[in-house]
Amino acid sequence: MTKTRFLHIEDSLGRGKLRFFIGSFEKGHGANNTAYAFMDVDDARVVLNDLAWGKPVIFIDHKGGIDSNQVAVSRVLEIQTKDEKVWIEVHNGPGHELPEGAIKPSGKPFAEISIPLTIFEARKLAFACLAYLHAWDVRKVAGW
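Now for a quick tour of the structure. Keep in mind that what you see is a predicted model, and the values were worked out from it rather than measured.

1. Let's talk about helix H1 (residues 41-52)
Here is step 1: Between its first and last C-alpha atoms H1 spans 15 Å; for twelve residues at 1.5 Å apiece the expected length is 16 Å, and the two agree.
Here is step 2: Taken together, the buried positions of H1 are occupied by Val41, Ala44, Val47, Leu48, Leu51 and Ala52. The buried residues of H1 occupy an angular sector of 135 degrees when the element is viewed end-on, so they sit on one face. Along H1, the residues that are exposed and aim more than 90 degrees away from the buried face are Asp42 and Val46.
Here is step 3: Structurally, H1 contributes buried residues whose contacts are with strand E2 (17-26), strand E3 (30-40), strand E4 (58-66), strand E5 (72-82), strand E6 (85-97) and helix H2 (119-142).
Here is step 4: Directly after H1, the chain includes Gly54, whose backbone phi takes a positive value near 75 degrees.

This is the structure in structure tokens:
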């Protein structure tokens, strides 16, 4: 969390994904904009491992879905290292459903939120997420 931004990485492992929930807020007024995107667990293991070891990362993932109003919504997750910071950015906006079911961004996003982390903060975040994924693996293998 920063003075005007927050990031929460949530368990969506039943779907084989991590959910990145990000938002901006004003002190005393609450959140004024939020967005979320999903990262496949297989991608997360690689990206988070690189982040955990302080390696430079450039990861961009386009996903999306159909909302409750039956409208296609594009969800773009970007994680990249630049200028001694790790930037995590999520864009949510209108999308166009392709014949194979994928959602392609279509137009200006209605939510674009980014949060900068120091390299050390990004490493701590990545190690914590990897530890959680490892515990989930153990539980899954043990059948708990």
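2. Quick notes on the sheet that holds E3
Within a beta sheet, neighbouring strands are joined by backbone hydrogen bonds and run either parallel or antiparallel to one another.
Here is step 1: In space, the three strands of this open sheet follow the order E1-E2-E3, with antiparallel pairing throughout. Here the strands that pair on one side only, and so sit at the sheet edges, are strand E1 (5-12) and E3. Strand after strand, the sheet turns through a mean of 20 degrees between neighbouring axes, direction not considered.
Here is step 2: Pairing analysis gives eight bridges linking E1 to E2, with the strands arranged antiparallel. Bridge pairing in E2 places Phe6 opposite Gly23.
Here is step 3: Here H1 sits on the sheet and contacts E2 and E3; the angle it forms with E3, its principal contact strand, is near 100 degrees.

3. Brief notes about H2
Here is step 1: For H2, spanning 24 residues, the distance from its first C-alpha to its last is 34 Å, which sits close to the expected 34 Å at 1.5 Å a residue.
Here is step 2: Residues of H2 that are buried: Ala122, Ala126, Cys129, Leu133 and Asp137.
Here is step 3: Those residues of H2 hidden inside the fold are in contact with E1, E2, H1, E6 and strand E8 (111-118).
Here is step 4: Taken from the residues just after H2, Gly143 is the one with a positive phi, measuring 75 degrees.

What counts, and where the lines are drawn
Residues numbered from 1 in each chain as written. Predicted model: local features only at pLDDT ≥ 70, side-chain atom pairs only at ≥ 80, totals over all residues. Heavy atoms only, no water. Helix = DSSP H or I, 4+ residues; strand = E, 2+ residues; numbered from the N terminus. Expected span 1.5 Å × (residues − 1). Buried < 20%, exposed > 50% of the residue type's maximum accessible area, 1.4 Å probe, protein only. Arc of directions from axis to C-beta. Contact = heavy atoms within 4.5 Å. Pairing = 2+ DSSP bridges. Axes fitted to C-alpha atoms, helices over the stretch in contact; angles between N-to-C directions.

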